[in-house]
Amino acid sequence: QVRLVVPMAVVFGPGSVPRDLPRPLPFRDVQEMEISVNVRTSVTSRYEMHYRSTTPREEAALAAVTAREADAALHPLQDTTMGSLTMYVVPETSSLLPQGINVYVGKHRSALVRAVGSLAALQARLREVTQVMSFTASSIAAALSDRVPSGQLSPDARRYLKSSLGYEITFSLLNPDPKSHTVDWDIEGAVNRYVKPVLDKLSLVANFSVDSQILYYAVLGVTPRYDKESSSFLLSAHSLPHVINPVEARLGSSAASLYPVLNFLLYVPERSHSPLYIQDKDGAPVSTNAFHSPRWGGIMVYNVEAPASPQASLPLHVNVDMARVMEVFLAQLRLLFGLSREEVPPEFLLENPGNEGLADWELDHLLWAHTVENIATVSTTLTSLAQLLDKIGNIVIKDDVASEVYRAVASVQSAVTKLSLGHLHAAFQASKEAVTSSERAFFDPSLLHLLYFPDDQKFAIYIPLFLPMAVPILLSLAKIVRETRLRKKEPTKMD
């Protein structure tokens, strides 16, 4: 049973304190909620709320002109521990928040919340904010998708990547018509400029490796349909699943990979199928001209402008706009990690994370989900290992395998304890160590069940070998016994 504890500070600015507070500031309160996963498993979420007034320095920071300036000024003054949240309650008439906006969520681990009349209404609004900034029942269910009945899962739950100690990201440029197009893309510069800041932030979650390749004569597995009205070629939504398999056979990146591979493909259509556009389920063109596949990656179609004159010399030289391409690929990367911002209420304003690609609270969102998933993975792995050992009675457990099992159990217990204390980062590190130890024990070569045979198989193998040898030995033993008995019965001769 896992308990997720979120330390949370609710800071009241001048003129924002509700009239119906149960006792004078500061005071503490606790709110608990149970997230039911299945009949046997549930996760308890516990918000330990500390209500207090602003300090003089916080009051000065809240006097800023814009919410962004106030968020930047408040960042050094707040608790920056992973998993913790700080809510600054501002008066209803405050000009910090734009008209119609009740909550501003910053880049770090704090939010500005417009005050409401009563404490109950404020707590309801704070509950909405915590659902955005920490974890939700759906995100925990997605992390424990193997244990949740399939009918209760949201459609997006299968989209997210499973927790892993590492990921490999491959950027591929597909040029099916090199006779017509010479394509240049500055992938190294684009990775350093756009991708590296995001992966540096995600390095707490897992290890990442990035590579790129250019594939020539790699065509899509579907022939696009020509549309006379727009004089273009169209790929409909129902044909998109058939695009990936033929292309994936050419990628070759997942063949020797220990970790999940994320494939991001930039496809330059051949001249005979250009321009090429992707349609959604309603038949409307997709604005990004790209689509993504759950737990696999994404594909973007990059159309090349036709030459002004038909007599233009081939191949045409194409310089890819990497800013436009990386904007799409990074958005797909966020979707694959479950960092979508689509379900935010309309009165919420979320600050753009900037060049880092994700806010601090979004990183915490990932850590919550991956920690819970790691604990469940270790539980499943050790249970499977115990069942294997029960089935094979004569299996030999080496000392190093036993120590890995003990280490996994101790680490997962430590992770659960750290979660119940609100120490998210320490809990995540312990859960990673538990996963590593349990996998080492489970996949140890000495525990391969093919090395050990049931007793009936042993008899079936050895009886045909030993039985022909045993017959003369048994007959000889019987003869010796018989002769011994006869010798004892003969009377002793006396001289």
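Thresholds, definitions, all that
Residues numbered from 1 in each chain as written. Predicted model: local features only at pLDDT ≥ 70, side-chain atom pairs only at ≥ 80, totals over all residues. Heavy atoms only, no water. 1 Å grid on protein atoms, 1.4 Å probe; cavity = no way out; pocket = protein on both sides within 12 Å on 5 of 7 lines; lining within 4 Å. Points joined across faces, edges and corners; volume = space filled by probe spheres on them. Helix = DSSP H or I, 4+ residues; strand = E, 2+ residues; numbered from the N terminus. Pairing = 2+ DSSP bridges. Axes fitted to C-alpha atoms, helices over the stretch in contact; angles between N-to-C directions. Contact = heavy atoms within 4.5 Å. Parallel < 35°, antiparallel > 145°, perpendicular 65-115°, else oblique. Left-handed = near helix turned anticlockwise from the far one by under 90°. Buried < 20%, exposed > 50% of the residue type's maximum accessible area, 1.4 Å probe, protein only. Polar contact = N/O pair within 3.5 Å; in protein donor to acceptor, adjacent residues only side chain to side chain.

1. Remarks on empty space enclosed by the protein
Where empty space is left can be seen by rolling a probe of water-molecule size over the atoms. In the structure shown here, the tally under the stated rule is 1 cavity of 30 Å³ or more. Estimated volume of the largest cavity: approximately 40 Å³. Lining the largest cavity are Val198, Leu202, Leu333, Arg334, Phe337, Leu339 and Leu358. Elements with a minimum of two residues in the lining of the largest cavity: α5 (187-202) and α7 (322-336).

2. Here's the deal with the sheet that holds strand β12 (residues 261-267)
One open sheet holds the 5 strands; their spatial order is β9-β7-β12-β15-β14, and the pairing between them is mixed. Strand pairing shows two members of the sheet lacking a second neighbour, β9 (207-216) and β14 (290-293), which therefore form its edges. In this sheet, adjacent strand axes meet at a mean angle of 15° when their direction is disregarded. Across 10 bridges, the pairing between strand β7 (residues 166-175) and β9 is parallel. Pairing of Ser172 across the sheet is with Gln213, part of β9. Across the sheet, α5 lies against β7 and β9, angled at about 155° from β9, the strand it touches most.

3. What about the packing of helix α9 (residues 399-421) against helix α10 (residues 424-442)?
Where α9 meets α10, the closest approach of the two axes is 8 Å, and the angle between their N-to-C directions is 160°. As judged from the angle between their axes, α9 and α10 are roughly antiparallel. For the pair α9 and α10, the sense of crossing is left-handed. The segment α9 lies against α10, with Val401, Glu404, Val405, Arg407, Ala408, Ser411, Val412, Ser414, Ala415, Lys418 and Leu419 engaging Leu424, Ala426, Ala427, Ala430, Ser431, Glu433, Ala434, Ser437, Ser438, Arg440 and Ala441.

4. Remarks on the environment of Phe27
Residue position: Phe27 is located in strand β2 (residues 27-36). In sequence terms Phe27 and Met49 are 22 residues apart; their C-alpha atoms lie 8.6 Å from each other. Residue contacts for Phe27: discarding those within four places in its chain leaves Leu21, Pro22, Met49, His50 and Tyr51.

5. Examining the environment of Ser172
Among the structural elements, Ser172 can be located in strand β7. Taking the relative accessible area as the measure of exposure, Ser172 reaches 0% and is therefore buried. Apart from the residues within four sequence positions on either side, Ser172 is in contact with Trp185, Gln213, Leu251, Phe264, Leu265 and Leu266. A distance of 3.0 Å separates a polar atom in the side chain of Ser172 from a polar atom in the side chain of Gln213.

6. Regarding the environment of Ser379
Relative to the helices and strands, Ser379 resides in helix α8 (residues 360-391). You can call Ser379 partly exposed: its relative accessible area is 36%. Linking Ser379 and Ala434, residues 55 residues apart in sequence, is a C-alpha distance of 9.6 Å.

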